[in-house]
Amino acid sequence: MANEPTRPSAPDGTTAQYRSHATPSDSGTLRLVAAFVAGAPFAGLVAAVEVAVVTAALGVPLSAAPVAVGLVAFAVYAADHVADAEGDIGSTPVRARIALRYADQLMVAAAVSYGLAVALAAGAGPAALALVLVPGAVWIGYATDWLPAAGDLVAPLGEVSVPRLKDVFLLNSAAVALAWAVAVVAAPLAFAGVPVDSAGAPAVALLFAYVFARSFVDVEVPNVRDVAADAARGVATLPVVYGVSGTRRALLAVDAVAAGLLAATAATGAASTPALAALGVGLAVSVTVTALADRLGGAALGVAPDCSYLVAGAVLLAIGW
Amino acid sequence: MAALSPLSVALLVAVTVGLAAAILAWRERPEPGATWLAVLLTGQVWWATFLVFELEATTLPAKALWYDVQWVGVVAIPVGWLFFALAYTGYDRYVTPFSVALVSVIPVATVAVAAAGDPGDLLAVDRVVRETAVGTFLDVVPGPLYYVIAGYTYLLGAVGSVPLIQLIRDDARPFRGQSAALLVGTAAPWAGNLAHLSGAVPIPGLDPTPLAFAVSGVAYLLALSRFRLLTLAPAPRRRARQLVFEQLHDPVFVVGTEGLLVDLNECAAETFGIDRRDAIGEPAATVVPKYDAIRELDGTDADKPRPIPIVGRDGQRPYEATVRDVVDDHDRTTARVITFHDVGAYLGQQQRLNVLNRVFRHDVRTETNLIQGYAEQLRSDPTDERALSIIEESAGRMLELSERTRTAGELFDPTEESETAPLTDAVDEAVAEARAVAPDARIEVGQVAPVPVPVVLEVVLGNLCTNAVRHNDADAPWMRIDAAVADGWVEVTVADDGPGIDPAEYDVLDRGTETPLRHGSGIGLWIVKWGVDHLGGRISFDEREPTGTVVTVCVPVDRSETPGAGPDGEPPDPHLDDPAPSDESGSLGPPPNAGR
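Notes on the structure in this doc start here. Everything numeric here is computed off the predicted structure, so don't read it as measured data.

1. A short note on the overall build of chain B
When its secondary structure is counted, chain B shows 19 helices and 14 strands. For chain B, with 596 residues in total, the buried portion stands at 47%. When the accessible surface of chain B is summed, it comes to about 29,300 Å², and 57% of that surface belongs to carbon and sulfur atoms.

Written as structure tokens, this is what we have:
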């Protein structure tokens, strides 16, 4: 989701953050705070808004689901930023520097955040508990060496090596998108104790597919900015494999599919029309961001895809939800 | 779902804190104990979480289901605690797949019984739903297995607490803090469970143990953050101390109060050729070299170590022994640690300085005075051939002294790598030197085994042979050299029919020090002694009938050569492959006692 932009290099080859003596301290502090807020806290906020919008779309009572999923998002992204801080130095130096310097504090915050989310979910019942565990479980398979280690255990001779999910082309983004689709769509139902049938199974399935497609786009768009760093680390992403133009076309196609899914959801009549309209506005923002992927600066590209949900949330509030 | 009961809210606080601590503990892998602490905390979270479900369920079957699920967490806690404590405090050798499987038998059986629906009412004889002021509980009447797993849990908890309690008295403040926090974190649920089992809790069916997990979580979080639990674990200290003991370059023995050997380090085993497995438990007198002499080093003597000549694997070396008492917390002596310090190099250096000092102070000065005196005589009578001859002889002796001093220096040059040569070559070289000194001498060479020996032996034999013929006043001096190999030792004898060596020379060599009144007549015998000492060997002198001397030198065979082929491609001496006896002389047999 949110990513910190790469600072432009100076003519002498240094980057801005390494020339802090030339920068007023207050602006440096401000930049650090901005980088921190644009990191895991922003991801948490976006996730909470996503769940709230989907809650409205499904017409289920508001519950603790947005808070719980927001806390999980914060925890997972904070842990991810800490785990990959050294590798992120090239693409998101300020965020990586924060993650390196405050690794322990960030991990304590992430751990407490996840603990709180699990407690909220446990209070809502077994289904909600299972749901909040999904993103954490996916992250463990996605970013840690647990899968390769397990693979080595199964095949100790090294004939078959299991890579990190994060390093597998397309599957990496799909796994993240799937985890968020499960959490975002199922959490409102589970936390409110509403069965899928009551909410309308077709509408739930279509919204799930929509969030999955949108999350996939949101994950891949920032990769346009990270193409050099990912290529250097051997991580296969759409921009690394198909280039920026190919990526833009592919993601626009996915957005088009998302639009179709949104229309189909509306056709079921089970979803809230204002919420679907708000999601439509958000989708339009997403399409714009995707179209401008190679023109937007690093800062904008880091947060713009996720801003589509914030726009959707704002629209929903504006039209009186 | 309806509003949560206050009890559930309290449990969810425990879940929050416990899960946060579990994640932080898991992150510290592979630090000692991290994984097991995460298991322990996850067990607590599991128990508390499913207790919430049990509390919030409205029917008896639903409550019973969640009650049974809780067993997974209940049994994981003591197992996690035990192995965490062992790994964290450095007893990780007890944390093996086998021990984990063994300890897990009863917990796994308990979970299996719960999963099977508690056949035979092993876990619960009866289950009743009770309405109370603080919530709806499942009141369980325990079955026999319940008491078994409860007792087993207490047992594992107590065993795991032992090494942590030891840390409370540790000198290091962080470890005291860590262990205190951990013990508090463990004691809180225990207290809750004891209250439940003893019926002290006024609300029927309420087991406050999971509620106390909130205290545990806070304590563990405090230990993790404030006292740097896991990032500053005491586990390596036991290993490090053991490593220092094992890798110490001095031989060390630990002898119990009953005089039995408790332990010895690798250096002791290697130096004295001792099999550790056989030696431990044996009387120290049969294993520790010169134990009878060392055991007398009590009280004040212990502070004044003295050199003790001991035959080690590489021959006879002088060691200094120090004895230290091992005292327990009640000031009782539980064992004695005997440490041997190899002082051969130090004593040898001191000895060489003494001799060289004497050579310069006495021998050189005498010769110089002689030269000066006869030079004066030549000045008054330039035709005095005798004076000229004496000056030449004196200068020759000084030159020879100078050469021998240089040889002595080279013997102990630490930059020189130890070279080996066949014994036959060493003998031939020594004989050639003797022939050069006394061309008329009758020199016999007996049987010489073709084993590899250090080249230092060549210097030793060269000095012995030249001394044998040089200091022989017979018209045709006789000398014989023999060399035999036995039990890994080379025994070379040099016999002559000369006037014999003055006993005062032996005396000085034996004492190892010279005084202005008691000193040797040259440096040749010292070179022989130093060379033999350097090789870890032994030298002895015998008188011959009717006249003459037999000098016997015993040195270890050089075994740095590749086994399987002797020098010059000849097969090695069969003695080299003989199994070495296990006594104080190490992997070699004792040097043949040539007597005196």
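Alright, that's what it looks like, and here's the rest.
2. Brief notes about a positive patch on the surface
Judged by side-chain charge, Arg173(B), Arg176(B), Arg226(B) and Arg228(B) come together as a positively charged surface patch. Inspection of the secondary structure assignment puts Arg176(B) in helix α7 (residues 173-197).

3. Describing a nonpolar patch on the surface
A surface patch of nonpolar side chains, amounting to about 220 Å² of accessible area, comprises Val67(A), Leu116(A) and Leu120(A). Judged by its relative accessible area of 38%, Leu116(A) is partly exposed.

4. Some words on the sheet that holds strand β9 (residues 442-448) of chain B
Residue and element names in this part refer to chain B. Taken in spatial order, the 5 strands make up an open sheet running β9-β11-β12-β14-β13, and their pairing is mixed. Either end of the sheet is taken by a strand with one partner, and the two such strands are β9 and β13 (538-543). Across this sheet, the average inter-strand angle for adjacent strands is 15 degrees, counted without regard to direction. Taken together, the 6 bridges between β13 and strand β14 (residues 549-556) define a ladder with antiparallel strand orientation. Among the inter-strand pairings, Ser-540 is bridged to a residue of β14, identified as Thr-552. Each of β13 and β14 is contacted by helix α19 (residues 524-534), which is oriented at about 135 degrees to β13, the strand it contacts most.

5. A look at a negative patch on the surface
Residues and elements named next belong to chain B. Among the surface-exposed residues, Asp-425, Asp-428, Glu-429 and Glu-433 lie close enough to one another that they form a single negatively charged patch. As for its placement among the helices and strands, Asp-425 is situated in helix α16 (residues 423-437). A relative accessible area of 39% means that Asp-425 is categorised as partly exposed.

6. Details of the packing of aromatic side chains
Working definition: an aromatic ring pair is given by the centre-to-centre distance plus the angle between the planes. All names here are of chain B. Enumeration over the complete set of coordinates arrives at 20 aromatic pairs over all chains. With a centroid separation of 5.0 Å and 40 degrees between ring planes, the pair formed by Trp-36 and Phe-83 is classed as tilted. Taken together, the residues Trp-36 in helix α2 (residues 34-56) and Phe-83 in helix α3 (residues 60-88) connect sequence positions 47 residues apart. Take Trp-36 and Phe-83: they sit in the same class, and that class is buried. Measuring from centroid to centroid gives 5.9 Å for Trp-71 and Tyr-146, while their planes differ by 80 degrees, and the two rings are edge-to-face. Taken as a pair, Trp-71 in helix α3 and Tyr-146 in helix α6 (residues 144-168) lie far apart in primary sequence, 75 residues in all. For the pair Trp-71 and Tyr-146, one class covers both residues: buried.

7. Comments concerning the environment of Pro174(B)
Mapped onto the elements, Pro174(B) comes out in helix α7. Separated by 53 residues in the primary sequence, Pro174(B) and Phe227(B) place their C-alpha atoms 5.6 Å from one another.

8. Notes on the side chain of Ser99(B)
Residue and element names in this part refer to chain B. In this fold, Ser-99 is placed in helix α4 (residues 97-103). Within polar-contact distance, the side chain of Ser-99 engages the backbone oxygen of Tyr-94 at 2.6 Å. Of the polar contacts made by the side chain of Ser-99, one reaches the backbone nitrogen of Thr-96; its length is 2.9 Å. With near-sequence residues (within four places) excluded, Ser-99 lies in contact with Phe-83 and Tyr-94.

9. With respect to the packing of helix α2 (residues 40-58) of chain A against helix α8 (residues 171-192) of chain A
All names here are of chain A. Across the interface, α2 lies against α8 with an axial gap of 9 Å and an inter-helix angle of 60 degrees. Comparing their axes, α8 and α2 come out oblique. Between α2 and α8 the crossing geometry is right-handed. Touching Glu-50, Val-51, Val-54, Thr-55 and Leu-58 of α2 are Val-184, Val-185, Pro-188 and Leu-189, all from α8. Taken together, the residues of the contact of α2 with α8 break down into 7 nonpolar, 1 polar and 1 charged.

Quick notes on the rules
- Residues numbered from 1 in each chain as written.
- Chains lettered and ligands numbered in written order.
- Predicted model: local features only at pLDDT ≥ 70, side-chain atom pairs only at ≥ 80, totals over all residues.
- Heavy atoms only, no water.
- Helix = DSSP H or I, 4+ residues; strand = E, 2+ residues; numbered from the N terminus.
- Buried < 20%, exposed > 50% of the residue type's maximum accessible area, 1.4 Å probe, protein only.
- Areas by Shrake-Rupley, 256 points an atom, 1.4 Å probe, with all protein chains shown as cover.
- Patch = residues over 30% accessible without salt bridge, like charges linked within 9 Å, V, L, I, M, F, W, Y side chains within 5 Å.
- Salt bridge = Lys/Arg side-chain N within 4 Å of Asp/Glu carboxyl O.
- Lys, Arg positive; Asp, Glu negative; His and termini not counted.
- Charge placed at Lys NZ, Arg CZ, Asp CG, Glu CD.
- Pairing = 2+ DSSP bridges.
- Axes fitted to C-alpha atoms, helices over the stretch in contact; angles between N-to-C directions.
- Contact = heavy atoms within 4.5 Å.
- Phe/Tyr/Trp six-rings, centres within 6.5 Å; stacked < 30°, edge-to-face > 60°.
- Polar contact = N/O pair within 3.5 Å; in protein donor to acceptor, adjacent residues only side chain to side chain.
- Parallel < 35°, antiparallel > 145°, perpendicular 65-115°, else oblique.
- Left-handed = near helix turned anticlockwise from the far one by under 90°.
- Nonpolar A, V, L, I, M, F, W, Y, C, P; charged D, E, K, R; others polar.

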